[in-house]
Every structure is written in structure tokens, then in C-alpha cells.
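Chain by chain, the residues run as shown.
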Amino acid sequence: MTRLSLPRDTEGLNARAKDYLPGLLGIEFLSAEPALVTGRLPVSKALMAPNNFLHAASVIALVDTLAGFGAVLNLPEGAQGFTTVELKSNFMGTVRDGGVVLGEAMPVHLGRTTQIWDATAKDEASGKTIALFRCTQMILWPKEG
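Attention here is on the structure that accompanies the text. Residue positions are given per chain, counted from 1 along the sequence in the order it is written. Predicted model: local features are reported for residues with pLDDT of at least 70 only, side-chain atom pairs are reported and counted for 80 or more only, and whole-chain, interface and lining totals are derived from all residues. Water and hydrogen atoms play no part in the side-chain values, which are based on all heavy atoms of the structure.

1. Looking at the overall build of the chain
Consideration 1: Comment: elements are numbered from the N terminus, with helices defined as DSSP H or I runs of at least four residues and strands as E runs of at least two. If you tally the helices and strands in the chain, you get 3 helices and 6 strands.
Consideration 2: Each helix (α) and strand (β) of the chain, taken in turn from the N terminus, gives the series α-α-β-β-α-β-β-β-β.
Consideration 3: It is over C-alpha atoms that the radius of gyration is taken, and the globule rule equals 2.2 Å times the number of residues to the power 0.38. For 145 residues, the compact-globule estimate of 2.2 N^0.38 gives 15 Å, and the C-alpha radius of gyration of the chain, at 15 Å, lies within 12% of that figure.
Consideration 4: Projected onto its principal axes, the C-alpha coordinates of the chain cover approximately 55 × 30 × 25 Å.
Consideration 5: Burial status across the chain gives 39% buried among its 145 residues.
Consideration 6: Where accessible areas are quoted, they stem from the Shrake-Rupley method and a 1.4 Å probe; at the residue level, only the protein chains shown are allowed to cover. Accessible area of the chain: about 7,800 Å², with a carbon and sulfur share of 55%.
Consideration 7: A distance of 5 Å separates the average location of the 13 positive side-chain charges in the chain from that of its 14 negative side-chain charges. The classification of residues rests on relative accessible area computed with a 1.4 Å probe and restricted to protein chains. Under 20% of the type maximum is buried, over 50% is exposed, and intermediate values are partly exposed. For the purpose of counting charges, residues Lys and Arg are taken to be positive, whereas Asp and Glu are taken to be negative. His and the chain ends are not included. To locate a charge, the coordinates of NZ of Lys, CZ of Arg, CG of Asp or CD of Glu are taken.

Now the structure itself:
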């Protein structure tokens, strides 16, 4: 396994994500720094649940993507990558079709074996927080032998 690397500029990140889930959903990176990764998700009918509310998985995809790309920006020297081992979300609101969800993810703990990230999702129009998110990433190291 080779070390996972990503572009460090938003143009490069958006290009890299294009053919993967973030690109398919329409997630756009706005900034990518080791201490803060931000992005946005335009809401369309395809991201809604059949009850016409934004599907929770759509919001999780946004904030988990931001935290994951942040994890890569903070990999310790010699680490090959990471994997999510736990996540938790609390939802307080929604965004309707035609709106935009803004997300930001910040590291809480950057250790040698784990990282913990907090993220917030907000309605771009009102600024209202619609979800809080926390995840734990396990750092992957080369196998010896």
C-alpha cells in the first residue's frame, strides 16, 4: 500500500473528488487547511428523502468528506492513510431543494494512531446549524514484514 496523498488546493481537491461519491453528490471544496476544511453541497431532489426533507446521509457525506480530506492533510510522517472507525451525527434542521448546505470540519485530536474531527453543517441562506458531527479516524501504517 502506498501513502495516500491529495492535492492541497481546492481546485485539485475538487478535480480529485469528481469521479467519486463527493463529486457525484456535487460537493465542492471551498478551503483545505490542516486546521479547517470547508465545503458546500447544493441541495437537489436527488439528495432528498421521499418525505421531501434532505436525506441525513447527504449531510453526513458532506461533513465526513471534509473530515476525511482533513485527515489526509494531517497524516503523520510514514502513515499510509486512514479509515473512519466511528461517527456520530445530531440533526437540528434541514435544507430544502434549491438550498445549499455549508460544512466545516476541524481537528480535535491529531494523534499517531487516531484523529478526532468535529464538523458542522449549516443552511447557507440562514446560517442556521442543521447538524453536528464527530468522527474518529484510525491511522493506517505499513505492515511490517
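2. What about the environment of Val 85?
Consideration 1: Tracing the chain through its elements places Val 85 in strand 3 (residues 81–91).
Consideration 2: For Val 85, a relative accessible area of 48% puts it in the partly exposed group.
Consideration 3: Residues Val 85 and Glu 144, spaced 59 residues apart in sequence, show a C-alpha to C-alpha distance of 22 Å.
Consideration 4: By definition in these notes, contact holds between two residues if any of their heavy atoms fall within 4.5 Å. If we ignore the near neighbours within four places in the chain, the residues touching Val 85 are Thr 136 and Met 138.

3. Side note on helix 1 (residues 10–17)
Consideration 1: Listed as buried for helix 1 are Gly 12, Leu 13 and Ala 17. Looking straight down helix 1, one finds that the buried residues subtend no more than 130° of arc, so they occupy a single side. In this structure, helix 1 carries Glu 11 and Ala 15 as exposed residues pointing more than 90 degrees from its buried face.
Consideration 2: The inward-facing, buried residues of helix 1 abut helix 2 (21–25), strand 1 (28–33) and helix 3 (56–73). Comment: arc refers to directions from the helix axis out to C-beta atoms.

4. Examining the side chain of Ser 58
Consideration 1: Mapped onto the elements of the fold, Ser 58 is located in helix 3.
Consideration 2: A residue is classified by how much of its surface remains accessible, and Ser 58, at 7% relative accessible area, is buried.
Consideration 3: A distance of 3.0 Å separates a polar atom in the side chain of Ser 58 from the backbone oxygen of Leu 47.
Consideration 4: Setting aside its immediate chain neighbours within four residues, Ser 58 contacts Leu 41 and Leu 47. Two N or O atoms form a polar contact when they lie within 3.5 Å of each other; inside protein one atom must be a possible hydrogen donor and the other a possible acceptor, and for residues adjacent in sequence the pair counts only when both atoms belong to side chains.

5. Quick word on the nonpolar core
Generally speaking, soluble globular proteins have nonpolar side chains that are buried together.
Consideration 1: Phe 29, Leu 54, Val 101, Ala 121 and Ile 130 are the most contacted members of the largest nonpolar core, which has 34 residues in total.
Consideration 2: Secondary structure elements with two or more residues in this core: helix 1, strand 1, strand 2 (36–42), helix 3, strand 4 (100–110), strand 5 (114–123) and strand 6 (129–140).
Consideration 3: No other element matches the 9 residues that helix 3 contributes to this core.
Consideration 4: Apart from residues no more than four positions distant in its own chain, Ala 121 is found in contact with Val 59, Val 63, Val 101, Leu 102, Gly 103, Lys 128, Thr 129, Ile 130 and Ala 131. Only buried Ala, Val, Leu, Ile, Met, Phe, Trp, Tyr and Cys residues count toward a nonpolar core, and they belong to the same one when joined by side-chain atoms within 4.5 Å.

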